[in-house]
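Overview (structure and organization)
Here is what each chain is made of, one letter per residue.
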Amino acid sequence: MTVELAVMTPVVIVVALIVLNLMWFIEACAAFDQAALDAVISHGVAPAGEQTQVADVDEVESALSEALGREETCEVEVSASAVEGGGEGTTFVISPLLTRYTCTLTYRPWPRLLRMPGITYAAPLALRHERQLVVDRYRPGVVV
């Protein structure tokens, strides 16, 4: 039984690390989804200060990073783009200021590399999760 325990211990540790990282990623994604919607609605719809899209993206990104609070394992990236009028058959745009905010969470698993007798655990480079929301800038309460 001692030999079986010596053989199985590294395998059990690696499986436990995989499960632990997966649970942390799922928990980070759930918190990110809520925080992304709140940050875009509160900071992207009615921006404070300078009224430019770059300032809006920076404000949403800083609010999202602060709400998430996982600087050591997670990185947050926000981008914004104007939403076009629609397909070829459309004749008018409902609102010319529709903006699509794309919030991306990049999770870096821990530990990056673990070597044990007979087993090497190398975590993937990064796991990504993306959330999009279309809002009408400068019209509070209009979420598409």
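Residues numbered from 1 in each chain as written. Predicted model: local features only at pLDDT ≥ 70, side-chain atom pairs only at ≥ 80, totals over all residues. Heavy atoms only, no water.

With that settled, the discussion passes to the sheet that holds strand β1 (residues 74–82). Spatially, the 3 strands line up as an open sheet ordered β1-β2-β5, and their pairing is antiparallel. Pairing within the sheet leaves two strands with one partner each, and these edge strands are β1 and β5 (127–136). Neighbour-to-neighbour, the strand axes of the sheet open up by a mean angle of 20°, direction not taken into account. Set on the sheet, helix α1 (residues 2–44) makes contact with β1, β2 (98–107) and β5; between it and β5 the angle comes to about 20°. The sheet contacts of helix α2 (residues 53–68) involve β1 and β2, and relative to β1 the element is tilted by about 150°. (Pairing = 2+ DSSP bridges. Helix = DSSP H or I, 4+ residues; strand = E, 2+ residues; numbered from the N terminus. Axes fitted to C-alpha atoms, helices over the stretch in contact; angles between N-to-C directions. Contact = heavy atoms within 4.5 Å.)

Here we take up the pattern of salt bridges. One pass over the structure, following the stated rule, counts 2 salt bridges. Between E75 and R108 there is a salt bridge, and its shortest N-O distance comes to 3.3 Å. With E75 in strand β1 and R108 in the loop between β2 and β3 (113–116), this pair connects stretches of sequence that are 33 residues apart. We classify E75 as partly exposed; its relative accessible area is 41%. (Salt bridge = Lys/Arg side-chain N within 4 Å of Asp/Glu carboxyl O. Buried < 20%, exposed > 50% of the residue type's maximum accessible area, 1.4 Å probe, protein only.)

This part is about the side chain of T102. Secondary-structure assignment places T102 in strand β2. In this structure, T102 is in contact with E77, V78, S79, E130, R131 and Q132, ignoring residues within four places of it in sequence.

Across 4 bridges, the pairing between β3 and strand β4 (residues 119–122) is antiparallel. Note that in β4 the partner of L113 across the bridge is A122. Between β3 and the antiparallel strand that follows it, β4, lie 2 residues; G118 among them carries a positive phi value of about 85°.

For α2, with 16 residues, the first-to-last C-alpha span of 22 Å sits near the 22 Å given by 1.5 Å per residue. By the burial criterion, the buried members of α2 are D56, V57, V60, A63, L64 and L68. For α2, the buried positions fall inside an angular range of 135° around the axis, keeping them on one side. Facing away from the buried side of α2, by more than 90 degrees, are the exposed residues V54 and E66. Buried positions along α2 lie against α1, β1 and β2. (Expected span 1.5 Å × (residues − 1). Arc of directions from axis to C-beta.)

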